[in-house]
Amino acid sequence: MSVTLVEQRYRSVLRVLPAYYRAEREDEMVEAFLHGVPEDVRDEARPSTGEVVSVLALAVRTRLGGAGAPARYAVLGEAVRLFALLGVLLQAATVLSQRALSLAWFSGAATLDRQVALGAFGGGFVSAALQVLAWALPFAWAGAYLALVRDRRRAAARLSAVAALPTLLTLGYQLFSPSYTGPVSDLAVVTALVCWLTVAAVACGFHEDAASTPLPLVPPGLALMGLCVLSGAAGALLPLSLEAYGVSGAAVIAVGAGALVVRVLRSGSSSAALPLALAALGASVLAVWATVLPVASQPGLPAAVAVGWPAETAVLSLLVLALAFTGVRDARRTLASVRRQRGGGVEGKIADR
Amino acid sequence: MTQAAFFVLAALVDEPRHGYGILQEVDALSEGDVQLRVGTLYGVLDRLTADGLIALDREEVHQGRLRRYYRILDAGEAALSAEAARMASSARTVSERLAAPRAPGRPGLAGGTA
């Protein structure tokens, strides 16, 4: 039987699926798909958008620990979900503590300072409305965190997208507003990327078929409260630290170091997902910091910037490397253990068949 | 249980079916309300298989192409039956509420109050 154009096109679409899944399902899916395409149009038709989207959604599920996925994709799925959960937690803690600090400052500030601060919300109705949105929408990170710990997946994805919207407003303003004359800032670009990466991790990692992923080690409420205190303290006590930019690095350092200590104390088998997720989270903080770090090399700056910023960056970099190393090593051990249990069988058969 | 999983299980009650056969049967059973895409169908089949509700029945080669037939298991029938009973109970409750006599003079949605 000759291969028609529509079959070629459908098989190209199926390449987004992981190899283990294609080996098991590709021919069967092609058969089911072609059955629904009239023979007289098979050399000109294309798979509909709906069919392509359904395969893309299946690709996300199968790569991120869907039903019966092999161990490597199960670990990857758990790592993405933990990255999403911790990322949303960190964003929530950062925004709550930053807004609380700014309100505390505002309530005790001199009248002139207050007028200057409120001046940022001026410049016409549209500008003021955008400023208010940029100030208020990130509170949705806290709602997204609440939704995630209650396993309300769609609500969490929507709320985190709402919370990340101001990053696009900032970029849009820098790109298109005639009143902004400078170049688009690297900080705005990287912050937007990190926020939307978190949104994507929530939307994709917590797909319908994903296992529930609770916050490890501590109750979710305590974690949010603790990180708010930590993030707020870092912002209040270290006003010249890198904490002022994006998400709180001090919190990542504390949680990452804590996770490593727990990993060392529990020397037995351990999930690779947590260190991998924390390494990715630390790397995202480093990416934000890297955009402002060149400032530290300018002459005449206080020691808190000239020495403090590179030192803080170095500590976080070392921690990210240690977490990544631990995560990869644990993942390899997990996969080797699965292979041994299967008696050297081919990893990747869809389970329970 | 999702609506798609409900109709896929229902499609397998009378006989084992292959992928396209399930798509057609779901379309017919739902009177066109549920039109599954192939990618969605296989996501549902993966979940139902992993949960022990359906199983592979047999494989056939038809015009040079692979067809896998799936059959519903006892656990699948039990889950489908429980879900159908739950839906019927909900529908009955709503029907009884609609059929019950209403208090006279109660303002309707369109009327409002002065």
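About the cut-offs
- Residues numbered from 1 in each chain as written.
- Chains lettered and ligands numbered in written order.
- Predicted model: local features only at pLDDT ≥ 70, side-chain atom pairs only at ≥ 80, totals over all residues.
- Heavy atoms only, no water.
- Helix = DSSP H or I, 4+ residues; strand = E, 2+ residues; numbered from the N terminus.
- Contact = heavy atoms within 4.5 Å.
- Areas by Shrake-Rupley, 256 points an atom, 1.4 Å probe, with all protein chains shown as cover.
- Patch = residues over 30% accessible without salt bridge, like charges linked within 9 Å, V, L, I, M, F, W, Y side chains within 5 Å.
- Salt bridge = Lys/Arg side-chain N within 4 Å of Asp/Glu carboxyl O.
- Lys, Arg positive; Asp, Glu negative; His and termini not counted.
- Charge placed at Lys NZ, Arg CZ, Asp CG, Glu CD.
- Buried area = accessible area lost by both parts, 1.4 Å probe.
- Polar contact = N/O pair within 3.5 Å; in protein donor to acceptor, adjacent residues only side chain to side chain.
- Phe/Tyr/Trp six-rings, centres within 6.5 Å; stacked < 30°, edge-to-face > 60°.
- Buried < 20%, exposed > 50% of the residue type's maximum accessible area, 1.4 Å probe, protein only.
- Lys NZ or Arg CZ within 6 Å of the ring centre and 35° of its normal.
- 1 Å grid on protein atoms, 1.4 Å probe; cavity = no way out; pocket = protein on both sides within 12 Å on 5 of 7 lines; lining within 4 Å.
- Points joined across faces, edges and corners; volume = space filled by probe spheres on them.
- Axes fitted to C-alpha atoms, helices over the stretch in contact; angles between N-to-C directions.
- Parallel < 35°, antiparallel > 145°, perpendicular 65-115°, else oblique.
- Left-handed = near helix turned anticlockwise from the far one by under 90°.
- Nonpolar A, V, L, I, M, F, W, Y, C, P; charged D, E, K, R; others polar.
- Pairing = 2+ DSSP bridges.
- Core = buried A, V, L, I, M, F, W, Y, C linked by side-chain atoms within 4.5 Å.

Draft legend 1. Region of the structure containing the overall build of chain A. Regarding its fold elements, chain A presents 14 helices and 0 strands. Reading chain A from its N terminus to its C terminus gives the helix and strand order α-α-α-α-α-α-α-α-α-α-α-α-α-α. Once local pairs closer than 6 in sequence are excluded, the contacts in chain A between residues at least 24 apart make up 75%. Carbon and sulfur atoms make up 66% of the accessible area of chain A, which totals about 17,700 Å².

Draft legend 2. Focus on a negative patch on the surface. A contiguous patch of negative charge, built from Glu39, Asp40, Asp43 and Glu44 of chain A, is present on the exposed surface. As for its position among the elements, aspartate 40 of chain A is in the loop between α2 (19-35) and α3 (49-63).

Draft legend 3. The interface of chain A and chain B, seen in detail. Listed as interface residues are 29 residues of chain A and, on the opposing side, 23 residues of chain B. In total, about 2,300 Å² of surface goes out of reach between chain A and chain B, with carbon and sulfur atoms giving 53% of it. For the pair chain A and chain B, the interface holds 4 salt bridges. Between glutamate 7 of chain A and arginine 65 of chain B there is a salt bridge, with the nearest N and O atoms lying 3.1 Å from each other. Scanning the region where chain A abuts chain B turns up 12 residue pairs in polar contact (both at pLDDT 80 or more).

Draft legend 4. Summary view of the packing of aromatic side chains. Inspection of every chain in the model, using the stated rule, returns 5 aromatic pairs over all chains. Plain terms: the ring middles of phenylalanine 6 of chain B and phenylalanine 7 of chain B are 5.4 Å apart, the flat faces sit at 85° to each other, and that makes the pair edge-to-face. Look at phenylalanine 6 of chain B and you get buried, because its relative accessible area is 13%. Connected via pairs of aromatic rings, a cluster forms that spans Tyr20, Tyr21 and Tyr73 of chain A. Note that arginine 99 of chain A overlies the ring of phenylalanine 139 of chain A, its terminal NZ or CZ placed 6.0 Å from the centroid. In this structure, arginine 58 of chain B is placed above the aromatic ring of tyrosine 69 of chain B, and the distance from its NZ or CZ to the ring centre is 3.9 Å.

Draft legend 5. Quick look at empty space enclosed by the protein. What the rule picks out here adds up to 2 cavities of 30 Å³ or more. Approximately 60 Å³ is the volume found for the largest cavity. Forming the walls of the largest cavity are 11 residues, and the residues nearest its centre are Arg61, Thr62, Gly66 and Ala67 of chain A together with Asp46 of chain B. Where the lining of the largest cavity is concerned, the elements lending two or more residues are α2 and α3 of chain A together with α3 (38-50) of chain B. Counting residues per element, the lining of the largest cavity draws most heavily on α3 of chain A, at 3 residues.

Draft legend 6. Summary view of the packing of helix α1 (residues 5-14) of chain A against α2 of chain A. Residue and element names in this part refer to chain A. Two elements in contact, α1 and α2, have axes separated by 10 Å at closest approach and are oriented at 140°. Classified by the interaxial angle, the pair formed by α1 and α2 is oblique. For the crossing formed where α1 meets α2, the hand is right-handed. Contacts from Val6, Glu7, Tyr10, Arg11 and Leu14 of α1 reach α2 at Arg22, Glu26, Asp27, Met29, Val30, Phe33 and Leu34. Residue classes in the contact of α1 with α2 are distributed as 7 nonpolar, no polar and 5 charged.

Draft legend 7. Up close: the sheet that holds strand β2 (residues 54-62) of chain B. Taken in spatial order, the 3 strands make up an open sheet running β1-β3-β2 (chain B), and their pairing is antiparallel. Both outer strands of the open sheet, β1 (17-18) and β2 of chain B, are each paired with one neighbouring strand and no more.

Draft legend 8. The arrangement of the pairing of strand β3 (residues 65-72) of chain B in detail. Residue and element names in this part refer to chain B. Summarising burial for β3: 6 of the 8 residues are buried, a large majority. Two elements, β1 and β3, share 2 bridges in a ladder whose sense is antiparallel. Along β3, the bridge assignment pairs histidine 18 with tyrosine 69. With 8 bridges joining them, β2 and β3 adopt antiparallel strand pairing.

Draft legend 9. Examining the pattern of salt bridges more closely. Under the definition given, this model contains 21 salt bridges over all chains. The shortest N-O distance in the salt bridge between glutamate 7 of chain A and arginine 11 of chain A comes to 3.0 Å. Taken together, the positions of glutamate 7 of chain A and arginine 11 of chain A, both in helix α1 and 4 residues apart, correspond to about one turn of that helix. Overall, glutamate 7 of chain A belongs to the buried group, its relative accessible area being 3%. With a relative accessible area of 23%, arginine 11 of chain A lands in the partly exposed category. Across the pair glutamate 59 of chain B and arginine 68 of chain B runs a salt bridge whose closest N-O atoms are separated by 2.7 Å. Several salt bridges share partner residues, and in doing so they unite Glu7, Arg11, Arg22, Glu26 and Asp27 of chain A together with Arg65 of chain B into one network.

Draft legend 10. Here's a closer look at the side chain of arginine 68 of chain B. Mapped onto the elements of the fold, arginine 68 of chain B is located in strand β3. By relative accessible area, arginine 68 of chain B is classed as buried at 9%. Here glutamate 28 of chain A takes part through its side chain, which lies 2.8 Å from a polar atom of the side chain of arginine 68 of chain B. For arginine 68 of chain B, the side chain forms a polar contact with the side chain of glutamate 59 of chain B, separated by 2.7 Å.

Draft legend 11. Representation of the nonpolar core within the structure. Residues Leu89, Trp141 and Tyr145 of chain A are the most contacted members of the largest nonpolar core, which totals 51 residues. If you list the elements that add at least two residues to this core, you get α4 (71-108), α7 (140-149), α8 (153-176), α9 (186-205), α10 (220-237), α11 (249-265), α12 (273-290) and α14 (308-341) of chain A. In terms of residue count, the dominant contributor to this core is α4 of chain A (12 residues). Those residues in contact with tryptophan 141 of chain A that lie beyond four places of it in its chain are Val88, Gln91, Ala92, Ser160, Ala163, Ala164, Cys195, Thr198 and Val199 of chain A. Membership of the second largest hydrophobic core comes to 44 residues, among which are Ala59 and Tyr73 of chain A together with Phe6 and Leu45 of chain B.

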